[in-house]
Amino acid sequence: MINGELTKPFDAAKGLRQGDPISPFLFAIAIEYLSRLLKGLKHVQEYKFHPRCGKLNITHLSFADDLLMFARGDSKSVTNLHTCFMKFSATSGLLANPNKSAIYFGGVDQNTRQEILQNTGYSFGELPFKYLGIPLDTKKLSAMQWQPLIDRIVAKISSWTAKKLSYAGRVQLVQSMIFGIQSYWSQIFILPAKVIKLIESYCRSYIWPGSNTITKRTLIACDRMCLPKSAGGYNLMNIRIWNRAAITSVYWDLTQKKDKMWIKWIHTYYIKGQRLMEMNIPQQASWMVRKIMEAREVAQQGPTFLNRKSNTKQIYFHSGKLQ
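Owing to the predicted nature of the structure, the values given are computational and were not obtained by experimental measurement. (Residues numbered from 1 in each chain as written. Predicted model: local features only at pLDDT ≥ 70, side-chain atom pairs only at ≥ 80, totals over all residues. Heavy atoms only, no water.)

Among the nonpolar cores identified, the biggest contains 49 residues, and W146, L149, V174, I178, I199, L236 and M293 are the most heavily contacted of them. Sorting the residues of this core by element identifies α4 (147-158), α5 (167-186), α6 (193-207), α8 (239-256), α9 (261-271) and α10 (287-294) as the ones contributing at least two each. Residues in contact with V174, not counting those within four places in the same chain, are F179, C203, Y206, I207 and L236. One finds F49, F88, I103 and Y122 within the second-largest nonpolar core, a separate group that totals 19 residues. (Core = buried A, V, L, I, M, F, W, Y, C linked by side-chain atoms within 4.5 Å. Buried < 20%, exposed > 50% of the residue type's maximum accessible area, 1.4 Å probe, protein only. Helix = DSSP H or I, 4+ residues; strand = E, 2+ residues; numbered from the N terminus. Contact = heavy atoms within 4.5 Å.)

Below, the structure is given as structure tokens:
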């Protein structure tokens, strides 16, 4: 259609170059078609929602080209879900990458698993798996699953060791880059003490000897370096306190922003109309959900968290005063 009028079809000779500003908009239009197909499954009698998705009619979650689809673990439900996706693929030409696609089961018998895998052609997946750069699991992450974060920090430090920088330059790099890398994880997970100690050791070793390996040669203790400059410190961010402040900010969202999907989900399946400050933390919830709810202990120490939005930095400075 050109200028509102139908024209003869023509063959496209060239596609869009990578980075073309119109590309994301075209992709969003295509994915909207898939979303409508999947949302229409609620009217299909043979399709059954995942047990933890039915109350909110959740069939899928997507961010760019990362797609999660949900269904009850029976052959008919998964087949209907897969049929919708194949219809979308036939229409748009966008296909699933078999090397990056898998089916994850929970509480499904072996025979049903084999039938579903055979019908769809996807591989069997095991938790944890990576989504948007972080591992997803129902349990607390093991030390090995934190290794990608450590590797990124070590790689960044290794790229700086050849540069001749002053102490002040190294401090600035650590403040802006290293803490920027871990802050994404800090807003989602409770960082284990062992991981925090390891990150601090690498940062400290780079600031003083300029090395990408952990050494004990330091001129100032790490806790003192996190103090404000007015107190004789270097104003570095305290990772442990920042992590707690970030999770407390997530807790604030849980109490106030009920328009977000993940908040609606937690309220529907765990909070169920109870007062979050007074309810017992549900033990059947995942480890991360329980940790978010436990952040109410920090929130109770400052009324500002309950009356108005406090960003992570405000909560950080407040938490630092409570040490």
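Turning our attention to helix α3 (residues 110-120). Among all positions of α3, only T112, I116, L117 and T120 are buried. What you see down the axis of α3 is that its buried residues fit within an arc of 130°, all on one side. Structural note: α3 exposes N111 and Q118 on the side pointing more than 90 degrees away from its buried face. Where α3 is buried, its residues touch α2 (75-92), β3 (102-104) and β4 (123-125). Its side-chain oxygen at 3.2 Å from the backbone nitrogen of N111, D109 defines the N-terminal cap of α3. Positive phi appears at G121, one or two residues downstream of α3, with a value of about 85°. (Arc of directions from axis to C-beta. Polar contact = N/O pair within 3.5 Å; in protein donor to acceptor, adjacent residues only side chain to side chain.)

Moving on to the packing of aromatic side chains. Tallied over the full model, the rule gives 10 aromatic pairs. Between the aromatic rings of W146 and F189, the centroid separation amounts to 5.7 Å while the plane-to-plane angle is 80°, which identifies the pairing as edge-to-face. Of this pair, W146 sits in the loop between β6 (134-136) and α4 while F189 sits in the loop between α5 and α6, placing them 43 residues apart in sequence. Exposure class is identical for W146 and F189. Each is buried. Where W185 meets F189, the ring centres are 6.0 Å apart and the plane angle is 50°; that geometry is what we call tilted. In this structure, W185 and F189 share a single accessibility class: buried. (Phe/Tyr/Trp six-rings, centres within 6.5 Å; stacked < 30°, edge-to-face > 60°.)

Helix length check: α2, at 18 residues, gives a terminal C-alpha distance of 26 Å against a target of 26 Å (1.5 Å per residue), a fit within 8%. Along α2, the residues that are buried comprise S75, S77, V78, N80, L81, H82, C84, F85, F88 and S89. The inward-facing, buried residues of α2 abut α1 (23-39), β2 (66-69) and α3. The N-cap residue of α2 is D74: its side-chain oxygen and the backbone nitrogen of K76 are 3.3 Å apart. Of the residues flanking the end of α2, it is G93, one or two places downstream, whose phi is positive at about 85°. (Expected span 1.5 Å × (residues − 1).)

All right, on to the pattern of salt bridges then. Between side chains of opposite charge, a pair can form as their charged atoms come close. Using the criterion set out here, one finds four salt bridges in the structure. The shortest N-O distance in the salt bridge between E278 and R275 comes to 3.2 Å. For the pair formed by E278 and R275, the shared burial category is exposed. A salt bridge links K291 to E294; the shortest N-O distance between them is 3.5 Å. (Salt bridge = Lys/Arg side-chain N within 4 Å of Asp/Glu carboxyl O.)

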